[in-house]
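A structural walkthrough
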Amino acid sequence: MNYFQNKTSRAFILLSSSIVILTSAQQKDTVKNEKKIEEVKITRSAVKFKNGKIIISAENTPVNDSKNTWEFIKNSGYADASEDGIIKIKQKYTTVYINDRKLRLSGLELKNYLESIPSKLIKNIEVIGTPDSSFSAEEQSIIRINLINSSIEGLKLGIGSSLGFTKKMNMSQNLNVNYKSKKFEFNTLVSSVHSNLLTDVNSQREYKNNIWDITQEQDIKRSTNIYSFLVNYFANKKNKFSLYAEYNPSNTASKLNADNGLPTADRVSRKDSIFKYNSNFKDNGRSTNFQANYKFENDSATQKLNIQFEYLNANRKTNNSFKNYYFQDPEYLDGNQIDDTSSRNINMYIGNANYTYQTKKLGIWSAGGRFSYSDINNPINISVNNMPSQESSQNYSEEQYALFLEGQKEFGKTYVRLGMRYENNITNFFDNNLKSNSFKIDGFYPNVLVQHNFSDNFQMETSYKKTLIRPDYFLLNQLRRKNSDDSMLYTSGNINIRPQIEHEVDLSFYYKNQMLSVGMNYSPNYISTLIIKRGDYLVQEYNNFKMMTLYASLALNKVFKEKYVIKNYMNVNYLPIMEFEGFDKGKTNLAFNNRTVAGIMFKNGYAAEASYSFSTKFYDGFFKHGATNNLSLTIQKKIPHLNLTTYVIFSDILKGQKNYDEAMYDVTYKNMSYNDSRSIRLGLYWTFGNQKLKEIRKEGSLTDDLKSRNRK
């Protein structure tokens, strides 16, 4: 696989280097087509607030051609995206969809995947703070990425490539091919991202009766690849069929070296434990996804039917091999060689059906259902000096049935949406002794959203939603395992952990492109972790907490003189309730995080954008979290006659992407780390095509007129 990826990377570089030669032969025809397309292009507002959604267009973004999808979301101005891959909307964890496909990824896996998709392919993103009842009850907020659906017949090719220079080299390439005829549309994306990250950690850990100062260095290499193919078949104006297939191999390898200081004479005389620690971690995985969609819409757009089937298979194999070297005067002696090997195989089958009917008097009504079945096989084997020591071979299966009913209607200037969802979840798992354990979760999950339009520029919105978050299968496995990113920390699941029920209330005000939201999230059984001393070791354990979050979010978005863009997204949150039985709550305070984005369009195709983010010190009752900051700069140059965009990106200019965590209860745990994300990235994006403008459908079309009449 590595050989194939290296060959692919070289091929992309050679192809990108040949752009000028290739485009020279087609320059005249391409320029004519591009001018023709630009002349009829419809200019839309960059941001719209509509019926509980914030719709952000990729147009009017100064350096959009230089970004990937992760950077577009991060700098959108209406969502909070951290460098460790966590996205939040109004302090609620966010699920990401691409068109109608849910990404079942989180953290760095999600970030790496989105970095593989150029933002040039995005039509718009929908930021949904309170999802409607057609979405799963576990989805607290949603970002839906809508990719460009070409209204132009013919062939279009896009190629992107970038090289990042840090202490190590990072690389990304992507190829997108789109072809459309009257009946068919074909879209292919091939993308590859290779990154190399260096992390330095200084920590304090408690071991037996000692407090150790530990220095740790980690070298992490990641590779994410996407090979996808989409076919749309337009049988007629009413019926559309889609088939989507994706193959997504990804690999992670890391080397970690740590020690707790030099063997000084004083330490040796005190017989202090002095050690060195080395580990090698490998994670090789691949996932395959197939999806079939059928959509029906009648001529008057009063009836819609959407049927979807999906199959997902994910295979992953991991190995964490580590060894301690203890000092015994006059040298270090080998400790035990420990190998933690596991595999994971997931099969998931999903069916969805949604039907929408629009009436003149009663508004729009939607009803539907969902069925899913998944099985997971997760054997774990731990050996010491090549001799079996511990094993776990738990198998899981889950069935879910869901039904929903929802109505929405406009009463003059007020839009009202009421929905109810019923979900029934049955989880079964077998332990090493083939003993069956199962639990059932069922319930009703309502949501309400009301939006009042005081004018075209000023709206007020209030919402309530009840959510259910089921614990992932790995949280149920109580086997104690060494953390692959920490030389002195173990992790363990909890078979008694309960699902998280959460109640969410929000009040938002929208004025032009600005937003102010205040709200509350409350959960009597919030799922989180604590670091606990178990015997001689520190263990990260999962459990249920009682938690309440109060938050305020402010988004400012302003365009000046059609060439200056200023965006600012600020969050303030406070935890008045954060409780866990048996532990005293410590200090809490207001937490601030903010991102400011400033862009400018210059003459002759130049554009620039600066992004600065920061977060303040934060006490959550059990941990103290340090302040961080990040400054990046993008400079872009468009060369229209070559259909070429070149750019350079400077990342983490102030070297502020540092993390600090400290336990505030009766355990010694401190972490001070820096992920060396400073880089200079050079890149380009080139498009080429022989396309014919066929039709562009404006919002004021016949269908939209019929929709408006039916609402009256």
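Residues numbered from 1 in each chain as written. Predicted model: local features only at pLDDT ≥ 70, side-chain atom pairs only at ≥ 80, totals over all residues. Heavy atoms only, no water.

**Examining the pairing of strand β17 (residues 364-384)**
Of the strand pairs in this sheet, strand β16 (residues 331-358) and β17 are connected by 19 bridges, and their pairing is antiparallel. Residue pairing in the sheet places D339 in a bridge with S383 of β17. The loop that links β16 with its antiparallel partner β17 comprises 5 residues; one of these, G363, has a positive phi angle of about 80 degrees. Two strands pair when backbone bridges link them, and β17 and strand β18 (residues 387-411) are joined in this way by 21 bridges, in the antiparallel orientation. Opposite N377, over in β18, you have N395 as the bridge partner. (Pairing = 2+ DSSP bridges. Helix = DSSP H or I, 4+ residues; strand = E, 2+ residues; numbered from the N terminus.)

**Notes on unusual backbone geometry**
Each neighbour pair has its own omega, and for D329 with P330 the value is 20 degrees, a cis peptide bond. Following the sequence through the fold, P330 ends up in the loop between β15 (303-328) and β16. For N604, which is not a glycine, the phi torsion comes out positive at approximately 60 degrees. Tracing the backbone through its elements, the reader meets N604 in the loop between β28 (591-601) and β29 (606-615). Its relative accessible area of 63% is what places N604 among the exposed residues. A positive phi angle, close to 55 degrees, is found at N643, a residue other than glycine. Tracing the backbone through its elements, the reader meets N643 in the loop between β32 (628-639) and β33 (644-651). (Buried < 20%, exposed > 50% of the residue type's maximum accessible area, 1.4 Å probe, protein only.)

**Points about the nonpolar core**
As a rule of thumb, soluble globular proteins bury nonpolar side chains together. One finds I54, Y78, I87, L114, I125 and I145 to be the most contacted residues of the largest nonpolar core, which totals 34 residues. Listing elements by their share of this core, those giving two or more residues are β1 (47-50), β2 (53-57), α3 (69-74), β4 (87-89), β5 (92-98), α4 (107-115), β7 (122-128) and β8 (141-147). Excluding residues within four positions of it along the chain, I54 makes contact with V47, K48, F49, Y78, I125, E126, V127, Y510 and M515. Formed by 19 residues, the second largest nonpolar core is a distinct cluster that contains I531, M578, F623 and A663. (Core = buried A, V, L, I, M, F, W, Y, C linked by side-chain atoms within 4.5 Å. Contact = heavy atoms within 4.5 Å.)

**Observations concerning the pattern of salt bridges**
One pass over the full model with this rule turns up 26 salt bridges. Between K295 and D100 there is a salt bridge whose closest N-O contact spans 2.9 Å. With K295 in strand β14 (residues 275-297) and D100 in the loop between β5 and β6 (101-102), this pair connects stretches of sequence that are 195 residues apart. Several salt bridges share partner residues, and in doing so they unite K53, D100, E126, R144 and K295 into one network. (Salt bridge = Lys/Arg side-chain N within 4 Å of Asp/Glu carboxyl O.)

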